[in-house]
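# A look at the structure
Single-letter residue listing:
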Amino acid sequence: MDNTNQSEYGWTLERFILERQREIPGATGEFTQLFQQIALAGKIIASRVNQAGLAGLLGHTGKTNVQGEVVQKLDVFSNQTLIHCLEAGGQVCLMASEEVDDPIPIPTRYPKGRYVLAFDPLDGSSNIDVNISIGTIFSVHKRVSTGNEPSLGDCLQPGRTQVAAGYIVYGSSTMFVFTSGDGVHGFTLDPSVGEFFLSHPDITLPERGKIYSVNEGNEAVWDEGVRDWVRWLKTPDKAAGKPYSSRYVGTLVADFHRTLLKGGVFAYPADKKNQSGKLRLLYEAAPMAMIVEQAGGAASTGTGPILDVVPTHLHQRVPLYIGSRGDVQDAIDRIHKS
Ligand code: AHG
Ligand code: MN
Ligand code: MN
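Quantities reported herein were computed from a predicted structural model and do not represent experimental measurements. (Residues numbered from 1 in each chain as written. Chains lettered and ligands numbered in written order. Predicted model: local features only at pLDDT ≥ 70, side-chain atom pairs only at ≥ 80, totals over all residues. Heavy atoms only, no water.)

## What to know about the coordination of the manganese ion (ligand 2)
Around the manganese ion (ligand 2), the protein supplies Asp120 (OD), Asp123 (OD) and Glu284 (OE) as donor atoms, at distances of 1.9 to 2.1 Å. Counting the intervening residues between successive donors of the manganese ion (ligand 2) yields the motif D-x2-D-x160-E. Between the two metals, the manganese ion (ligand 2) and the manganese ion (ligand 3), the spacing is 3.7 Å, and Asp120 donates to both. For Asp120, a relative accessible area of 0% gives the class buried. (Donors = N, O, S within 2.8 Å, 3.2 Å for Na, K, Ca; no water. Buried < 20%, exposed > 50% of the residue type's maximum accessible area, 1.4 Å probe, protein only.)

## Quick look at unusual backbone geometry
Cis geometry marks the peptide bond from Lys242 to Pro243; its omega dihedral reads 10°. Relative to the assigned elements, Pro243 resides in the loop between helix H5 (224–234) and strand E12 (245–246). Phi angles above zero are rare outside glycine, and Asn131 is one such case at about 60°. One non-glycine residue, Asp202, adopts positive backbone phi at about 45°. (Helix = DSSP H or I, 4+ residues; strand = E, 2+ residues; numbered from the N terminus.)

## So, empty space enclosed by the protein
The tally for this structure, following the rule as stated, stands at 1 cavity of 30 Å³ or more. Together, Ala96, Val116, Leu117, Ala118, Ser139, His141, Asp154 and Cys155 line the largest cavity. At the level of elements, strand E5 (115–123), strand E6 (134–142) and helix H4 (152–155) are the ones that each hand at least two residues to the lining of the largest cavity. Here the lining of the largest cavity is built from residues that sort into 5 nonpolar, 2 polar and 1 charged. (1 Å grid on protein atoms, 1.4 Å probe; cavity = no way out; pocket = protein on both sides within 12 Å on 5 of 7 lines; lining within 4 Å. Points joined across faces, edges and corners; volume = space filled by probe spheres on them. Nonpolar A, V, L, I, M, F, W, Y, C, P; charged D, E, K, R; others polar.)

## Regarding the layout of surface pockets
Empty space within the largest pocket amounts to approximately 440 Å³. As for the largest pocket, its lining consists of 25 residues, of which Gly124, Ser125, Ser126, Gly250 and Lys278 are closest to the centre. Among the elements of the structure, strand E2 (70–72), E5, helix H6 (252–262) and strand E13 (265–268) are those that each provide at least two residues to the lining of the largest pocket. Among the elements that line the lining of the largest pocket, the one with the most residues is E5, at 3 residues. Residue classes in the lining of the largest pocket are distributed as 7 nonpolar, 8 polar and 10 charged. Composition of the lining of the largest pocket by domain shows at least three residues from each of domain 1 (13–200) and domain 2 (211–337). Within this model, the second largest pocket holds a volume of roughly 280 Å³. As for the second largest pocket, its lining consists of 17 residues, of which Gln21, Ile24, Phe31, Tyr115 and Ser180 are closest to the centre. Among the secondary structure elements, those contributing two or more residues to the lining of the second largest pocket are helix H1 (13–22) and helix H2 (30–51). Considering each element in turn, the lining of the second largest pocket owes the most residues, 4 residues, to H1. (Domains from an automatic or database assignment.)

## As for the coordination of the manganese ion (ligand 3)
Coordination sphere of the manganese ion (ligand 3), protein contribution only: Glu98 (OE), Asp120 (OD) and Leu122 (O), at 2.2 to 2.4 Å. Here the donor residues of the manganese ion (ligand 3) are spaced in sequence according to E-x21-D-x1-L. Glu98 gets classed as buried once you look at its relative accessible area, which sits at 3%.

## Observations regarding the sheet that holds strand E8 (residues 174–179)
The pairing of strands in a sheet happens through backbone hydrogen bonds and is either parallel or antiparallel. One open sheet holds the 8 strands; their spatial order is E4-E3-E5-E6-E7-E8-E9-E10, and the pairing between them is mixed. Each edge of the sheet is formed by a strand with only one pairing partner; in this case those strands are strand E4 (104–105) and strand E10 (195–200). Bridge count between strand E3 (residues 92–97) and E5: 5 bridges; the pairing is parallel. Residue Met95 lies in a different strand from E5, and its bridge partner there is Leu117. Packed on one face of the sheet, H2 meets E3, E5, E6, strand E7 (164–170), E8, strand E9 (184–190) and E10 and runs near 20° to E7. Helix H3 (residues 73–87) contacts E3, E4, E5 and E6 of the sheet and is inclined by roughly 155° relative to E5. (Pairing = 2+ DSSP bridges. Contact = heavy atoms within 4.5 Å. Axes fitted to C-alpha atoms, helices over the stretch in contact; angles between N-to-C directions.)

## Some details on the packing of H6 against helix H7 (residues 281–294)
Viewed as axis vectors pointing N to C, H6 and H7 meet at an angle of 15°, and their least axial separation amounts to 12 Å. In terms of orientation, H6 and H7 fall into the roughly parallel class. Crossing of H6 over H7 shows right-handed handedness. Between H6, through Leu252, Val253, Phe256 and Leu260, and H7, the contact on the second element is made entirely by Glu284, Met288, Ile291 and Val292. When grouped by side-chain class, the residues that make up the contact of H6 with H7 number 7 nonpolar, no polar and 1 charged. (Parallel < 35°, antiparallel > 145°, perpendicular 65-115°, else oblique. Left-handed = near helix turned anticlockwise from the far one by under 90°.)

## A closer look at the site of ligand 1
Surrounding ligand 1, one finds 18 residues, the nearest of these being Asp123, Ser125, Asn215, Tyr248 and Tyr268. Taking Gly124, its main chain carries an N or O atom lying 2.8 Å from an oxygen atom of ligand 1. Contact distances for ligand 1 include 2.8 Å between an oxygen atom and a backbone N or O atom of Ser125. Protein coverage of the free-state accessible area of ligand 1, which is 470 Å², stands at 86%. The pocket occupied by ligand 1, as judged from atoms lying within 2 Å of grid points, is the largest pocket. Among the secondary structure elements, those contributing two or more residues to the shell around ligand 1 are E5 and E13. Broken down by element, the shell around ligand 1 gets its largest block of residues, 3 residues, from E5. Tallied by class, the residues present in the shell around ligand 1 amount to 6 nonpolar, 5 polar and 7 charged. Residues lining the shell around ligand 1 come from more than one domain, with at least three contributed by each of domain 1 (13–200) and domain 2 (211–337). (Near = heavy atom within 4 Å. Polar contact = N/O pair within 3.5 Å; in protein donor to acceptor, adjacent residues only side chain to side chain. Areas by Shrake-Rupley, 256 points an atom, 1.4 Å probe, with all protein chains shown as cover. Sits in = over half its atoms within 2 Å of the grid points.)

Now the structure itself:
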């Protein structure tokens, strides 16, 4: 890419994607448009998140979702915003959302595109009311079905075949981080311009970090191997850079974002209560796994790469160990030791 002639502000997200797509033979512009719509949804959600306390958007709706979790007003708003921004553009043929039981069809009045989009509209719901970072996660596949209508199978593809994945973190600034299989790039929203600008090109993780991130309140229900691993991380060993520091936000997007930028490991293990862990494969684990692998890190269920898990249902959960390659390998080695 020719980086000459940059203004002080550099690349917008849109221009960055446009320039890259131009280098791909046969690219139609559909992918660029898809990202424009996702970014638009992100900007709308970011604006509401910033005003949530004023706009009456804090608190819950009184309902629970398909996974039995309390639905917050911002969950609903973010879900509706994403659907509204994506359904009419003609890039997507089917969507899946953490907040919706079944695949979301495109209304018949709109054209259908070749992409399938899965998303967690608002990640970190329990942190909304206390002004802690929350986020949106998305995953993009190509349609594989050949019939007239797309089908559930289009949503149930392994992470390995994602063509793009990303997240938006609504933190002290709003950032859009994505990969389309060509490295990981981060963009920061300038709210006065209303655009995301490239701020973190080619993000890579160190081989090992200094931080572990896990909900230790679950220790009583962990397997002995997980307990042993966390104890080991806390055991002083200067040469090995231990003890590691502990950080846990409780918003995957925020915990993952820190892990991506600083290295280390985030885990949500399987436990005696949740045999498959807590996090969802399609719109949490798989997109983050694509991003982390593209940044030189690793993501594992504890027994194999997240990206190789073939989903059998939409809201499937999966244990997750993700971050610096060496730290994830240590976790896998230790949890199988005892
Ligand atoms: P969501 O708000 O989309 O339901 O996701 C919450 C997830 C994830 O963001 C976070 O890593 C994890 O739940 C935290 O769970 P615990 O409160 O059990 O630690
Ligand atoms: Mn989530
Ligand atoms: Mn959510």
